[in-house]
Amino acid sequence: MYLSRFRFNTARPGARRLLSSPQSLHAAVMSSFPHLLPSANSTTDGPRVLWRLDRNAAAEVLVYVVSPDQPDMTHLVEQAGWPAAATPEAPGWQSRPYAPFLNRLTEGSVWAFRLTANPVHQIRRKPGEPTKRTAHLTTIHQMDWLLDERRQERGGFLICEKPADKRLLPAGTTHHNRPHHGDRYQLMVRDQRNLSFPKRQSGNASKSHQVTLVTVTYDGRLTVTDPDRLRTTLTQGIGKAKAYGCGLMTLVPLPARAE
C-alpha cells in the first residue's frame, strides 16, 4: 500500500477543470494506475484506490491517494502542477509506502484524524415503498453518522470525548433531546459541499444521469480500539461515494505535550 500527495497549481486552467468535476478528478486519479482495470476498484473486500481533496487555502489544494500500488502522477503534474520544476528526484508528487505507518497502530493509541465522507441514511417516505438513500444535512445528524457505535466498532476506533473541564455546556445539556456532540466530542464537521454533475452511463457515452452528493469533512481525535479493523478502514474507506473523493481517513500524530 502507498500513501501519496499531489499539490495543485490552482492558477492553471487544467487544475481548475479537474477541481470543478469530481468525475474528472476521479478519472485523473485512476489514470495514475494504467495497469489497473476500472472494475478492479469496485471490490469491497480488499485494498482499493481511495482519494480525498483537501482545500486548506485558496492556493493550497492537495489530493491524497491511498492505493495498493505506487502511482505515476506525471499526467497530473503536466495538466495541473508545476512541470517545469519537476525532476527525477522530485517529480511533482510525494509517494511513500503505507505499511510502516499502518504497523505502528496499537490498541489504545490516540491520533488526530481527517475524513471526507458522504453521510447518508435510508428512509421510506410511505409504507410499502422501497427505501431511498438520503443525505444528512444538519451538523448534528452528520456527527451522529460518524459517532454511530456500530460504525466506530466496525472501523476499529472510538471518537475521543473532551475532558469534563473543557466542555462549555453543563453536564446533561441536550440539543434535540441528545447530548450536544460539538461540546462533548473532539470532533468538528466543516466544509459541506453539495455536488451535482452528470455521469455517463457505462457502455453508452451518449446517455448520462445526474449525480447529487453531499460531502462533509470531519476533523477530530480518535482512540484505536482494534488495530486490524482500523487498518482495513484506512485502506478500504468509510461510507459511500468513494469514487468521488469520499471515504479516505488519514491519521497524524498528536503534538507532544509541553513539559
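Here, every reference points to the structure presented above.
Residues numbered from 1 in each chain as written. Predicted model: local features only at pLDDT ≥ 70, side-chain atom pairs only at ≥ 80, totals over all residues. Heavy atoms only, no water.

**Some thoughts on the overall build of the protein chain**
Line of reasoning, step 1. When its secondary structure is counted, the protein chain shows eight helices and 13 strands.
Line of reasoning, step 2. Evaluated residue by residue, the protein chain yields a buried proportion of 41% over its 259 residues.
Line of reasoning, step 3. Long-range contacts, defined as pairs at least 24 residues apart, comprise 69% of the intrachain contacts of the protein chain with a sequence gap of at least 6. (Helix = DSSP H or I, 4+ residues; strand = E, 2+ residues; numbered from the N terminus. Buried < 20%, exposed > 50% of the residue type's maximum accessible area, 1.4 Å probe, protein only. Contact = heavy atoms within 4.5 Å.)

**Re the packing of aromatic side chains**
Line of reasoning, step 1. Applying the stated criterion across every chain yields a total of four aromatic pairs.
Line of reasoning, step 2. For the pair Tyr 98 and Phe 101, a centre-to-centre distance of 5.9 Å together with 5 degrees between the ring planes defines the contact as stacked.
Line of reasoning, step 3. Assessed through its relative accessible area of 2%, Tyr 98 is described here as buried.
Line of reasoning, step 4. Residue classification places Phe 101 among the buried positions, given a relative accessible area of 15%.
Line of reasoning, step 5. With centroids separated by 6.2 Å and ring planes inclined at 20 degrees, the aromatic side chains of Trp 145 and Tyr 218 adopt a geometry described as stacked. Here Tyr 218 lies in strand E12 (residues 204-224) and Trp 145 lies in helix H5 (residues 139-147), a separation of 73 residues in the sequence.
Line of reasoning, step 6. Overall, the relative accessible area of 5% leaves Trp 145 in the buried class.
Line of reasoning, step 7. In this structure an aromatic cluster arises from ring pairing among Tyr 98, Phe 101 and Trp 111.
Line of reasoning, step 8. The ring of Trp 145 is capped by Arg 151, whose NZ or CZ atom sits 4.0 Å from the centre of that ring. (Phe/Tyr/Trp six-rings, centres within 6.5 Å; stacked < 30°, edge-to-face > 60°. Lys NZ or Arg CZ within 6 Å of the ring centre and 35° of its normal.)

**Focus on the sheet that holds strand E1 (residues 2-7)**
Line of reasoning, step 1. Read from one edge of the open sheet, four strands run E2-E3-E1-E4, paired in antiparallel fashion. Both edges of this open sheet fall to strand E2 (50-57) and strand E4 (93-97), since each of them pairs with a single strand only. Pairs of neighbouring strands in the sheet enclose a mean axial angle of 15 degrees, with direction left out of account.
Line of reasoning, step 2. As judged from the six bridges shared by E1 and strand E3 (residues 60-67), these two strands associate in the antiparallel manner. Considered in E3, the bridge of Arg 5 is made with Tyr 64.
Line of reasoning, step 3. Contacts from helix H2 (residues 22-30) reach E2 and E3 within the one sheet, and its direction differs from that of E2 by about 120 degrees. (Pairing = 2+ DSSP bridges. Axes fitted to C-alpha atoms, helices over the stretch in contact; angles between N-to-C directions.)

**Concerning the pairing of E2**
Line of reasoning, step 1. Here seven bridges tie E2 to E3, and the two strands are oriented antiparallel to one another. Looking at the pairing, Leu 50 lines up with Val 66 of E3.
Line of reasoning, step 2. Two successive antiparallel strands, E2 and E3, enclose a turn made up of two residues.

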